[in-house]
Amino acid sequence: MRETNKKIAKFLAEAQPETPCLVIDLDVVGQAYKLLRRYLPLARVFYAVKANPAPEILGMLKDLGSSFDVASRAETDLCLERGIGAENISFGNTIKKERDIAYAYEKGVRLFAFDSEPELEKLSRTAPGARVFCRILVECTGADWPLSRKFGCAPEMAVELLRRARDLGLDPYGVSFHVGSQQTDLSQWDGAIERTARMFSLLAETDINLRMVNIGGGFPAHYRGDVPAVVNYANAVMAALTKHFGNNLPELIVEPGRSVVGDAGVIQSEVVLISRKSAKDPKRWIYLDVGKFNGLAETMDEAIKYKIKTPADGGPRGPTVIAGPTCDSADILYERTVYRLPLDLKVGDKVEILSTGAYTSTYASVGFNGFAPLKTYCI
Ligand SMILES: *Cc1c(COP(=O)(O)O)cnc(C)c1O
């Protein structure tokens with residue numbers, strides 16, 4: 001949610017749920033999905049389940065025609081349980097147990113990611129004939145939550161691996177990359193698509209005709225700071241595809257997570273304590289009942305900077321450090337980043353942390369210090 005969401009405000013006022021809690025407006029999820037479909041009509045959308053696996057979200061996206069990107073056996077089951085067909089599931093994690101590949105294959109999943117030879121060998125043993133795509137390394141410059149280094153291999157290696165895929169009886173289907181989550185540099189897709197197109201040409205020389213480009217996620221939610229509009233992202237992607245593939249456009253897959261659910265969620269939290277470290281310290285410490293371990297993991301290194309709304313907004317403001325409720329000193333949300341919350345804010349006030357629909361509810365500990373994982377309400 002970017003500003004006040006009336007439906008969520010009404011729910012919070014009437015239901016008075018225990019805090020902290022996450023409230024998701026399913027209408028906003030639907031709108032975000034449709035916006036992406038409108039601006040990237042050529043792309044098949046695979047929603048990245050990890051961003052928020054709430055069954056209501058999966059069910060609604062399924063009804064809208066979405067496919068799904070899963071990373072584990074449990075996420076596969078979550079989709080299958082909602083009646084999502086195996087043909088609409090992509091096993092996009094490049095790090096899989098062989099028995100989990102076998103499980104997904106047995107359930108009918110036929111689309112798998114890889115970025116190394118050992119993974120390819122696992123796939124050839126347990127998912128014979130499946131369509132496979134190789135993830136390549138990209139820089140992720142400009143992303144607030146980079147996914148670099150851990151995933152993908154050098155394009156030269158990827159070319160070799162896709163050849164090997166064919167020799168192993170798999171179907172070398174395409175190339176994927178992820179330019180980093182909450183990516184605000186639109187030029188990042190151009191470099192990645194250029195590399196991908198070069199791989200298509202090289203492989204065509206040995207009669208391997210790749211068909212698919214998977215451009216990953218990276219589209220933004222609205223935190224503090226401006227981000228380009230979805231239409232600009234879509235235009236950047238399409239311009240890069242036409243520039244590097246000409247008229248021979250490949251099948252296109254996009255795997256959005258953050259941009260589909262991020263803005264749909266609001267966390268309501270209660271102020272537990274407001275204090276100072278010394279009498280003259282101008283900085284107040286504001287402790288909330290939500291922190292790094294029960295929903296706000298992406299404040300790690302202060303990477304994601306959420307907008308915060310309080311009942312005292314409009315009054316005078318002063319500098320603050322914002323922290324969570326646990327006994328771990330790492331549970332500080334913002335100390336270096338300038339946050340000035342209202343001076344009239346009181347203990348017991350409810351604050352709203354906006355655009356918290358992605359990477360919150362399941363990105364929480366199971367109960368560190370006895371603080372329960374974040375409860376989700378989908379409305
Ligand atoms: C996490 C992830 C996504 C979603 O990325 P967002 O930036 O949230 O859109 C897409 N694809 C893969 C392979 C991922 O791991």
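Each value, and the rule that gives it
Residues numbered from 1 in each chain as written. Predicted model: local features only at pLDDT ≥ 70, side-chain atom pairs only at ≥ 80, totals over all residues. Heavy atoms only, no water. Helix = DSSP H or I, 4+ residues; strand = E, 2+ residues; numbered from the N terminus. Rg over C-alpha atoms; globule rule 2.2 N^0.38 Å. Buried < 20%, exposed > 50% of the residue type's maximum accessible area, 1.4 Å probe, protein only. Pairing = 2+ DSSP bridges. Domains from an automatic or database assignment. Buried area = accessible area lost by both parts, 1.4 Å probe. Salt bridge = Lys/Arg side-chain N within 4 Å of Asp/Glu carboxyl O. Core = buried A, V, L, I, M, F, W, Y, C linked by side-chain atoms within 4.5 Å. Contact = heavy atoms within 4.5 Å. Near = heavy atom within 4 Å. Polar contact = N/O pair within 3.5 Å; in protein donor to acceptor, adjacent residues only side chain to side chain. Areas by Shrake-Rupley, 256 points an atom, 1.4 Å probe, with all protein chains shown as cover. 1 Å grid on protein atoms, 1.4 Å probe; cavity = no way out; pocket = protein on both sides within 12 Å on 5 of 7 lines; lining within 4 Å. Sits in = over half its atoms within 2 Å of the grid points. Nonpolar A, V, L, I, M, F, W, Y, C, P; charged D, E, K, R; others polar.

1. Brief notes about the overall build of the protein chain
Each helix and strand in the protein chain was counted, giving 10 helices and 18 strands. A compact globule built from 379 residues would reach a C-alpha radius of gyration of about 21 Å, and the protein chain, at 22 Å, matches this within 12%. The principal-axis extent of the C-alpha atoms belonging to the protein chain is close to 75 × 40 × 35 Å. Counting across all 379 residues of the protein chain, residues that qualify as buried make up 55%.

2. Some details on the pairing of strand E17 (residues 350-354)
Burial analysis of E17 places four of its five residues in the buried class, which makes it a mostly covered element. The pairing of strand E12 (residues 265-275) with E17 spans five bridges and is antiparallel. Counterpart to glutamate 270 in the pairing with E17 is lysine 350. Looking at chain direction, strand E14 (residues 308-309) and E17 are connected through two bridges and run antiparallel.

3. Looking at unusual backbone geometry
Glycine aside, a negative phi is what most residues show, and trans is what most peptide bonds show. Looking along the chain, the bond that leaves threonine 19 and enters proline 20 is cis, with omega of -5°. Turning to its location among the elements, proline 20 is positioned in the loop between helix H1 (6-15) and strand E1 (21-24). Phi is positive for glutamine 16, which is not a glycine, with a value near 45°. Take glutamine 16: it is sitting in the loop between H1 and E1. With phi around 60°, glutamate 302 is a residue other than glycine that occupies positive phi space. Note on placement: glutamate 302 falls in the loop between strand E13 (284-288) and E14.

4. Overview of the domain arrangement of the protein chain
Per the domain assignment, the segments of the protein chain are domain 1 (26-260) and domain 2 (263-378). Measuring from the centre of the C-alpha atoms in domain 1 to the corresponding centre in domain 2 gives 33 Å. When the two sides are added together, the surface that domain 1 and domain 2 hide from each other amounts to roughly 1,900 Å², 58% of it contributed by carbon and sulfur. Taken as a group, Trp145, Tyr223 and Arg224 account for 40% of the area that domain 1 buries against domain 2, more than any other trio of residues on that side. One can count one salt bridge joining domain 1 with domain 2. Residue glutamate 298 is joined to arginine 258 by a salt bridge in which the shortest nitrogen-to-oxygen separation is 2.8 Å.

5. Some details on the nonpolar core
One finds Tyr47, Ile57, Phe112, Phe177 and Ile215 to be the most contacted residues of the largest nonpolar core, which totals 99 residues. Per-element tally for this core: the top contributor is helix H8 (residues 188-204), with seven residues. Structurally, this core is a two-domain feature, drawing no fewer than three residues from each of domain 1 (26-260) and domain 2 (263-378). The residues contacting isoleucine 57, other than those within four sequence positions of it, are Ile24, Leu26, Val29, Tyr47, Asn52, Val261 and Cys378.

6. Quick notes on the pattern of salt bridges
Tallied over the full model, the rule gives 18 salt bridges. For aspartate 100, the salt bridge goes to arginine 73, with nearest N and O atoms at 3.8 Å. Separated by 27 residues along the polypeptide, aspartate 100 in helix H5 (residues 98-106) and arginine 73 in helix H4 (residues 73-81) bring together distant segments of the chain. One salt bridge in this structure joins lysine 346 and aspartate 349, with 3.7 Å as the shortest N-O distance.

7. Concerning the site of the ligand
With respect to spatial proximity, 13 residues lie near the ligand, and among them Lys50, Ser181, Glu255, Gly257 and Tyr359 are the closest. The separation between a nitrogen atom of the ligand and a polar side-chain atom of glutamate 255 is 2.6 Å. Glycine 257 is positioned with one of its backbone polar atoms (N or O) 2.8 Å from an oxygen atom of the ligand. Taking 390 Å² as the accessible area of the ligand by itself, protein coverage stands at 92%. Mapping the ligand onto the cavity grids shows that it belongs to the largest pocket. Taken together, the residues of the shell around the ligand break down into three nonpolar, five polar and five charged.

8. Remarks on the environment of histidine 222
Considering the arrangement of structural elements, one finds histidine 222 in the loop between strand E10 (212-214) and helix H9 (230-245). A relative accessible area of 19% places histidine 222 in the buried class. Distance from histidine 222 to aspartate 263, taken between C-alpha atoms, is 6.4 Å for residues 41 residues apart in sequence. A polar contact of 2.6 Å, which involves the side chain of histidine 222, links it to the side chain of aspartate 263.

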